Amino acid sequence: MPTVPVAGSEKFAQQAEPLDLARTPGLPPLHQVSDEQVDALDPLTYEVLRHRLVAITDEMGDAIKRMSGSVVVTDCNDFGAGIMDEVGETVQVGLYNMQLGSSLDMAARWTLAHRGANPGIHPGDQFLLNDPWVGGGLHQNDVTVLAPIFHDGKLFGWTAAVAHQVDLGGVSPGSWSVEGRDVFAESIPIPPIKIVENGTLRSDIEDSYLRRSRVPRLVGLDLRAKIGSNNVAITRITALIEKYGADTVKAVMKRMMNDAEQQLRSKLVSLPDGTWSSIAHQDGARAGDQDIYKIVCTMTKAGDRLTFDFTDTDPQVDGIINCTLSGLRGGVMPIVLTMLCPDMTWAPGGIWRCISIVSEPGTINNATFPAGIGKASVNSAWSTQNAVSETVASMLGTHPELAKSAMSVCSGTWDLTLLAGLDQRGGGFVTMLCDAMAGGLGAKVDGDGVDTGGENCIPMGRVADVEINEFSFPMLYLWRREEADSGGPGRWRGGVGASSCFIPHDSPAESVHLVVSATGKTVPQAPGLSGGYPAATQWDVLVRDADARKQLSDGHIPASLDELAGTVQECPTHLETDLAPADVYFTHWQGGGGIGDPLEREPELIALDVRLKKVSSTGAREVYGVALTDDQFADLDATTALRRALRRSRAGLEPEPIAAAAGGLS
Amino acid sequence: MTARDIDLNLVVDADRQVHCRHCGEHLGDASTEPLAKARVHERPSVQAGPGIHVDPATLTDRPIVIRQTFCPQCLTLLATEIVPADEPSRRKWSLA
Amino acid sequence: MTYVIGIDTGGTFTDAFAADETGRLAAAKTPSTPPNFANGFLNAIDELAAELAVPVRELLDQTSYIVHGTTSTLNAIVTGNVAKVGFLTTAGHADSISIMNLEGRYAGLDSEAVQNMARTRKPDALVPRDRIREVQERIDYKGAVIVRLDEDQVRREVRELVADGVEAIAVSYLWSFLNPVHELRTRELIQQEAPELYVALSSEVSPRIREYSRSVTTIMNTQVGPPLGAYLRPLEAELRARGLRGQLLVMQGSGGCVTSADAPAHAVTTIGSVLTGGVVGCTRLAESLDTPNVISTDMGGTTFLCGLVVDGQPVNTSSTVLNQYTISTPMVDVHTIGAGGGAIAWVDAGGNLKVGPRSAGARPGPACYGDGGTEPTVTDADLVLGIINPDNFLAGRKKLSVAKAQDAIRTRIAEPLGLSVDDAAQAIYAIQNAQTADLVRQVVVNSGHDPRDFSVFAFGGAGPMHCANYSSDLGVKEVVVPIGSTSAVFSAYGLAASDIILTAERSQPESMPAEPSSFNQVFADLQKELAERVDSQGLDFAHVRYEREADLRYTMQLAEVATEVPGGEVSATGVAAVGAAFERNYEALYGEGSGFPDAGMQIITYRTRAVGQLPISPQLPDHVVRSGSPTPSGRREVFLDVQVGRQPTDIYDYTALGAGHRFSGPAVVEAPTTTVAVPPTFDAHVDRLGNLVMTPKEH
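Along each chain, the written sequence defines residue order, and numbers are assigned to residues from 1. As a convention, the first chain written is A and the first ligand written is 1, with the rest following in written order. pLDDT decides what is reported in this predicted model: residues at 70 or higher carry local features, side-chain atom pairs at 80 or more are listed and counted, and totals for whole chains, interfaces and linings draw on all residues regardless. As a rule here, side-chain values cover all heavy atoms of the structure and leave hydrogens and water aside.

1. What about the overall build of chain B?
Per the convention used, a helix needs a DSSP run of H or I reaching at least four residues, while a strand needs a run of E reaching at least two, with both numbered from the N terminus. The helix and strand inventory of chain B stands at 0 helices and 8 strands. Listing every helix and strand of chain B by position from the N terminus yields β-β-β-β-β-β-β-β. Considering only C-alpha atoms, chain B reaches an extent of 50 × 25 × 15 Å along its principal axes. Residue contacts are defined here by distance: any two heavy atoms, one from each residue, within 4.5 Å place the two residues in contact. Residue pairs at least 24 apart in sequence account for 35% of intrachain contacts in chain B once pairs closer than 6 positions are excluded. Computed by Shrake-Rupley with a 1.4 Å probe, the accessible areas treat only the displayed protein chains as cover when residues are assessed. Accessible surface, chain B: about 4200 Å² in total, of which carbon and sulfur atoms supply 49%.

In structure tokens form, the structure reads like this:
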């Protein structure tokens, strides 16, 4: 049943366009500078202040990391920090989760347009929001705190801190309600609300916010981290204004965006005009759903302009995987930054000016309220990112130098393992296991993808040590290791992903609640380029009534699922269940796509891959056409024959007539 | 149009004609259908190698295939995708 | 006569320093002699003897100890000339050192490199796959044995590794720091199979939670232990043959040293030592000057190093990044930030002027060196601006070409930007200083301090030309440039003045409050271990003190904060007091309300440091006393300040300055080893030790 639109929700559907000042009543007085002032900046002042503003977003990030109690923030760098100008254009984002840095502008614009008159925007105020239709984050877990900077009675700019919160309500722990059909089963979004008023945190609003969470004290701590981070930025920017003058600092901010725009335009002009299109699939909108949905992306480059057209994308679905416009943009910007803008200041406000988006509201990656968006960030936003990644990398492939900044699609989605229950000390806990951060990166035009290298949208991610996880949560790992064949085969291999396999251990409740959610089981989500294969499919397995404990006490650590007795349950895309003491959970997250024809990869390199367990001997033979000696070196003669045969059979051709083959013709 | 490499396998010449870099075979026109003459072959995705961990038939009713595009002459693999078979391929490109 | 000697073998120069108990000093600087650094070491001793006008045999005979700062372990890691190592680890976790917790792809890289994501990669594997063996054994978070050690398997693996030619084996099992029983037994088995192998256990090298770092640290220790032993043993034998009866000590990253007999077993602690000499020197100098808080800055040609001294003690860190690997060795916290005098100025694709992070290094070096460098560097700007005197650089030992510097700046910067060469040089200078100030500020603020409470000590070849400018941005109280008799060999002086520092630590994570009996037991174990090591150094200490601390954290938060623990048996009240001290430290570092006590506290790692004060503490000599204003040796147009631009500036010859001399900026002081820029906003004087001290003028 299609979701019924909610009349009255339209006002929260923020668009991507810059603010139209003439048509926005109730704005506070804005500090502005002229183009002449921007052009008049000398190179010294510009560079000094630019460097200072970058340092400020670094300080914001440091502040959030130190204060946060959320493992996804402290251990995975899953947060964002940014500085915006007076009309909400983003001047600088810190090097954290780039999805979260992409739509801070929408949140600032909405706040300017809707809160200026009532309740007003004043010095010392900070606004909290987790409404992805408004902007800021991509799903309700992403909570943004937005703070205006005032100088001499005028609104000078904005700072924002956003981070993923472990739980904000909804029917499932972790707020990813895998059985839900719309947003009402999830955490209810909060549009911008003034949580700090004139420097004071309002207890009534804080209570109202925290009331919805299963871990309110933790979420309250993160709230303070974000408020503190904004305060650091405001203090430092105010000091900068006092030293250099507001007009100069603002001129630098505008110039940073102009500069990024100019540099990107120049780079686009150096690439050929053309159109590249791709597709990204997601299997399963919610628990029990078996359908497969598509996001279609047609990217056109004309002159110095890039257009992403998502026409033919599937309509939004009953489930948890839709995303809003902020999610769509969160799929575009991380790729543009890492592949098109690695050598310039990351000023999204300028970069967006080079980009047009064509997308119909009501589609899966531009969903209207009340579509379910609990997993937006790792589903439709991430799949948008995958499709964009393909088109951008393909375009870059046509330029000998710029091709080096491209990668095949990196790990195609987030593999959720959410655990909740009682820990070994008897305290309640809810946590997202972040091991899946160690995804494989996509192959490059001149090298393999980085094995367990991370995620494309978080340039500096981390995973916690096994010991930290075993200390914090009631679990015991049988293994955590890289997985052979998980990187997409190709002339250049995609980076491998990895797997974790564990049992519950020492929980007083014995069982541990488990939420599993990861698409990519029927259709792999990290495709390759130039003939390269996609990375492996997502693979999560529950073994019920396994004999792992018996094996351990008999002196053996099971080293594969095959070694376990019990009942194997291949997990569907979304599942909520309990992990009993006799159960084993295995989760194998994704690698990166390959590049080029696997038959072009040097046989010695494959043999090395096999010895290093990046590729199995089966994979070597069946996909790469490489035969190995007993001690796993390349058998060149057998390989030549095998490749000759495989070259035909994989193309659906009959084998060569024996006479021709024996004659040495190929 | 400037002649240029398109990717590891394809090159386009000054007349917008696309050729295989490995054997020179003409494949199509870059501004319309670059791989018009390429050979396309589909197989069930379970044949795509050990990276397919679970038979998709256990999870979906839709047929999933590995669809590959080859140079008709030297049979170099030019494109690979694993997709539902019941939709047209969306992966294309063209140069202006 | 009794002497102490410090010898610091750097990549290019070997610096040596000697002092006797009457306060007589000698310094020597001689080229290093890679690959066999020992020769340079012995040459330096010869030069010291010559300086002191005594025969080498007499000098060595009367030397109480020689403290050696060596780069040999760092070089070994960087060049890959390390022992062939096998690695035994818990089955299922061999990939920990390849997964690298993911951060290995970007750890230690600057933001430009991080943004260029497609070009980032992990470093080469520490141990090749076929020399990693997974052992059937398992211990859990309580220290309980879940899977017993398969001894037969260990024997088989060791035999295979030995057959493969490994010289050393590193062992790292999960949770071994909590219960080392399997690691200890494994070593016994290895020694039965191959008694001559070097074996390192993670529960001894780095008994801390977080297996990735612990394993990497243990492996690196195993890689560099044998080569360090192979370097030190013949060196010591040669020194004894030449007359040494005292001890040869080796500097560690902790800022203290250890005997050469002990060093190879803890070789990983010497890897960072090359960076810490400067901070140790600053600590001693700070002591002499009664300055409790110092930002130590060492700006050389290639890198800029920054460390902190707070309340007279260097600020330490419990882990550090080397080659993108995170090693868990307590060390003086030295940050490599930005680039040094060789930082290259360039114009980016958007027409913006940038300085660094690329560097021209020593080869080809700045354009003005005339060694083939064509890109303009910070040093070239310094020369064009008049700060450096081309005829009096390094006391005339190196001639600089102003024309080459101007050409490089003109073609690469001035013309593309439509600026005059002078304006371009000024911009390069100012950008370098502003960036440095930003990065130094980050170091200070991230340690929870305020730059305004600090003095900056600036050394290194390029530092003194910039330090006043970047310091004024920071708001520090004063800037001290050590250019006395020891300045050229400042690090070697630091070595000779150092203490023996031995550290023992162990993780035993649990919720607070910890049981007093187990709390005391861990510290008792650490104390016993240290006391034995102190004795085995074979030195006559003036005094040995023990410092105790514990790393605590709020349960859900990232940051562990080292918290002082008083000596002696601790009661339940005492444990609670440690918790309270942690909360105070946390707030001081991260701000009021930043802690989350509701989630509880955890104590993670216990640490004890034994500081053995060596009997001789070289004192820096007082400088000759003068008073009033000194006479300038010259005058020229120099750019020292963006607001003022080029202005006529007094030049002073350092060798004519005495303690008590005072003068005001703008000024330039030319010394044999460096040049000091005194901007117009600063006053300067020479202190009793001959250091040049700059203080901001009152407004």
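2. Remarks on the interface of chain A and chain B
Listed as interface residues are 54 residues of chain A and, on the opposing side, 44 residues of chain B. Buried surface area refers to the total accessible area, computed with a probe of radius 1.4 Å, that the two partners give up upon joining, counted for both partners together. Across the chain A to chain B interface the summed buried area is about 4100 Å²; carbon plus sulfur atoms make up 57%. The largest share of the area that chain A buries against chain B comes from Gln290, Thr522 and Arg650 of chain A, three residues that together contribute 13% of it. Salt bridge criterion: a side-chain nitrogen from Lys or Arg within 4 Å of a carboxyl oxygen from Asp or Glu. Remark: the boundary between chain A and chain B carries 3 salt bridges. Across the pair Arg62 of chain B and Asp291 of chain A runs a salt bridge, and its minimum N-O distance is 3.8 Å. What qualifies as a polar contact is a pair of N or O atoms within 3.5 Å, subject to a donor-acceptor requirement within protein and to the restriction that residues adjacent in sequence count only when both atoms come from side chains. Here chain A is connected to chain B by 24 residue pairs in polar contact (both at pLDDT 80 or more).

3. Some points on the confidence of the model for chain B
Per residue, pLDDT measures the predictor's confidence, with a range of 0 to 100. Looking at chain B, pLDDT values average 96 and 100% of them are 70 or higher. Two summary scores accompany this predicted model of the complex, namely pTM at 0.92 and ipTM at 0.98.

4. Overview of the pattern of salt bridges
Residue and element names in this part refer to chain A. One pass over the full model with this rule turns up 94 salt bridges over all chains. Between Lys614 and Glu482 there is a salt bridge, with the nearest N and O atoms lying 2.7 Å from each other. Of this pair, Lys614 sits in the loop between helix H13 (603-611) and helix H14 (617-622) while Glu482 sits in strand S14 (residues 475-482); the two residues are 132 residues apart in sequence, bridging distant segments of the chain. The same class applies to Lys614 and to Glu482, which are both buried. Summary of the burial criterion: residues with accessible area below 20% of their type's maximum are buried, those above 50% are exposed, and those between are partly exposed, where the area comes from a 1.4 Å probe applied to protein chains only.

5. Notes on the sheet that holds strand S8 (residues 274-283) of chain A
Two strands qualify as a pair provided DSSP detects at least 2 bridges between them. Across the sheet, which stays open at both edges, the 5 strands sit in the order S11(A)-S10(A)-S9(A)-S8(A)-S8(B) with mixed pairing between neighbours. A single partner strand is all that each edge strand has here, and the edge strands are strand S11 (355-358) of chain A together with strand S8 (92-95) of chain B. Looking at each pair of strands side by side, their axes are set apart by 15 degrees on average, direction ignored. Relative to strand S9 (residues 292-302) of chain A, S8 of chain A runs antiparallel, the two being bridged by 10 bridges. Within the sheet, the bridge partner assigned to Thr275 of chain A lies in S9 of chain A and is Thr300 of chain A. Fitted lines through C-alpha atoms give the axes, limited to the stretch in contact for helices. The angle between two N-to-C directions lies from 0 to 180 degrees. In the packing of helix H10 (residues 380-396) of chain A onto the sheet, the strands contacted are S8, S9 and strand S10 (305-309) of chain A, and the crossing angle to S8 of chain A comes to about 150 degrees.

6. Points about the arrangement of the chains
Among the 2 pairs of chains in contact, the pair with the most contacts is chains A and C. Looking at chain B next to chain C, you find no contact at all, with the nearest C-alpha pair sitting 17 Å apart.

7. Re the pairing of strand S22 (residues 353-359) of chain C
Residues and elements named next belong to chain C. With 4 bridges connecting them, strand S21 (residues 343-347) and S22 associate as antiparallel partners. Paired with Trp346 across the two strands is Lys354, which belongs to S22. Linking two consecutive strands that pair antiparallel, namely S21 and S22, is a turn of 5 residues; a positive phi of about 80 degrees is found at Gly351 within it.

8. So, helix H5 (residues 203-210) of chain A
All names here are of chain A. The complete set of buried residues in H5 reads Ile205, Glu206, Tyr209 and Leu210. Across the axial projection of H5, the buried residues extend over an arc of 130 degrees, all falling on one side. On the buried face of H5, the contacting elements are strand S3 (126-129), strand S4 (142-151), strand S6 (193-197), strand S7 (200-201) and helix H6 (216-244). Relevant arc is that of directions from the helix axis to the C-beta atoms, nothing else.

9. A closer look at the state of the cysteines
Residue and element names in this part refer to chain A. When two cysteine sulfur atoms are found within 2.5 Å, that pair is recorded as a disulfide. Counted according to the given criterion, the structure contains 0 disulfides over all chains. Cysteine Cys501 remains unbridged, with the sulfur of Cys571 as its closest cysteine sulfur at 12 Å. Judged by relative accessible area, Cys501 falls into the buried class, the value being 0%.

10. Details of the side chain of Asn179 of chain C
Residues and elements named next belong to chain C. The residue Asn179 is located in the loop between strand S9 (168-172) and helix H7 (181-193) in this model. A relative accessible area of 18% places Asn179 in the buried class. From its side chain, Asn179 meets the backbone nitrogen of Val181 in a polar contact 3.1 Å long. Discounting residues that sit within four places of it in the chain, Asn179 has contacts with Ile139, Gly143 and Val145.

11. Focus: the interface of chain A and chain C
Counting residues at the interface gives 86 residues for chain A and 81 residues for chain C. Taking both sides of the interface into account, the surface hidden between chain A and chain C amounts to around 6900 Å²; carbon and sulfur atoms contribute 55%. For chain A, the biggest contributors to the area lost against chain C are Arg66, Glu467 and Phe471 of chain A; these three give 12% of the whole. Put simply, chain A and chain C have 8 salt bridges between them. In this structure, the salt-bridge partner of Arg52 of chain A is Asp473 of chain C, at a minimum N-O distance of 3.5 Å.

12. Focus on the packing of helix H4 (residues 104-120) of chain A against helix H8 (residues 325-340) of chain A
All names here are of chain A. For the pair H4 and H8, interaxial distance at closest approach is 10 Å and the crossing angle is 145 degrees. Across the interface between the two elements, Asp105, Met106 and Arg109 of H4 pack against Leu325, Ser326 and Arg329 of H8. Side-chain classes are defined by residue name, with Ala, Val, Leu, Ile, Met, Phe, Trp, Tyr, Cys and Pro counting as nonpolar, Asp, Glu, Lys and Arg as charged, and the others, Gly among them, as polar. Looking at the contact of H4 with H8 residue by residue, the classes come out as 2 nonpolar, 1 polar and 3 charged.

13. Description of the packing of aromatic side chains
Centre distance within 6.5 Å is the pairing criterion for rings of Phe, Tyr and Trp, where only the six-membered ring of Trp is used; planes under 30 degrees apart are then read as stacked, over 60 as edge-to-face, and the remainder as tilted. Overall, the coordinates contain 20 aromatic pairs over all chains when judged by the stated rule. Relative to Phe369 of chain A, the ring of Trp133 of chain A has its centre 5.1 Å away and its plane inclined at 70 degrees; by these criteria the two rings are edge-to-face. With Trp133 of chain A in the loop between S3 and S4 and Phe369 of chain A in the loop between S11 and H10, this pair connects stretches of sequence that are 236 residues apart. Centre to centre, the rings of Trp175 of chain C and Phe177 of chain C are 5.6 Å apart; their planes meet at 40 degrees, and the pair counts as tilted. Trp175 of chain C gets classed as buried once you look at its relative accessible area, which sits at 0%. Overall, the relative accessible area of 2% leaves Phe177 of chain C in the buried class. Linked through ring pairs, Trp133, Phe184 and Phe369 of chain A together constitute an aromatic cluster. Between the NZ or CZ atom of Lys250 of chain A and the centre of the ring of Phe156 of chain A, over which it lies, the distance is 4.3 Å. Criterion for a charge above a ring: Arg CZ or Lys NZ at most 6 Å from the ring centre, at most 35 degrees from the ring normal. If you follow Arg491 of chain A out to its NZ or CZ, it ends over the ring of Trp492 of chain A, 4.2 Å from the centre.

14. Some words on the nonpolar core
Each nonpolar core is a collection of buried residues, namely Ala, Val, Leu, Ile, Met, Phe, Trp, Tyr and Cys, held together in the definition by side-chain atoms within 4.5 Å. Counting 146 residues, the largest nonpolar core has Phe308, Leu340 and Trp414 of chain A as its most contacted members. Apart from residues lying up to four places away in sequence, Trp414 of chain A is in contact with Trp176, Val378, Trp382, Met432, Leu433, Cys434, Ala436, Met437, Glu455, Ser517 and Ala518 of chain A. By size, the runner-up hydrophobic cluster in this structure holds 118 residues, among which are Val280, Val489, Ile500 and Val522 of chain C.

15. Concerning the layout of surface pockets
Taken as a whole, the second largest pocket encloses approximately 1100 Å³ of empty space. What lines the second largest pocket is a set of 43 residues, among which Asp7, Leu35, Leu78, Ala79 and Trp93 of chain B lie closest to the centre. Those elements that place two or more of their residues in the lining of the second largest pocket are S8 and H10 of chain A together with strand S6 (64-70), strand S7 (77-84) and S8 of chain B. Cavity and pocket criteria rest on a 1 Å grid covering protein atoms alone: a 1.4 Å probe that fits but cannot get out defines a cavity, protein on both sides within 12 Å along at least 5 of 7 lines defines an open pocket, and an atom within 4 Å of a point defines a lining residue. Grid points are joined across faces, edges and corners, and a volume is the space filled by probe spheres set on the points.

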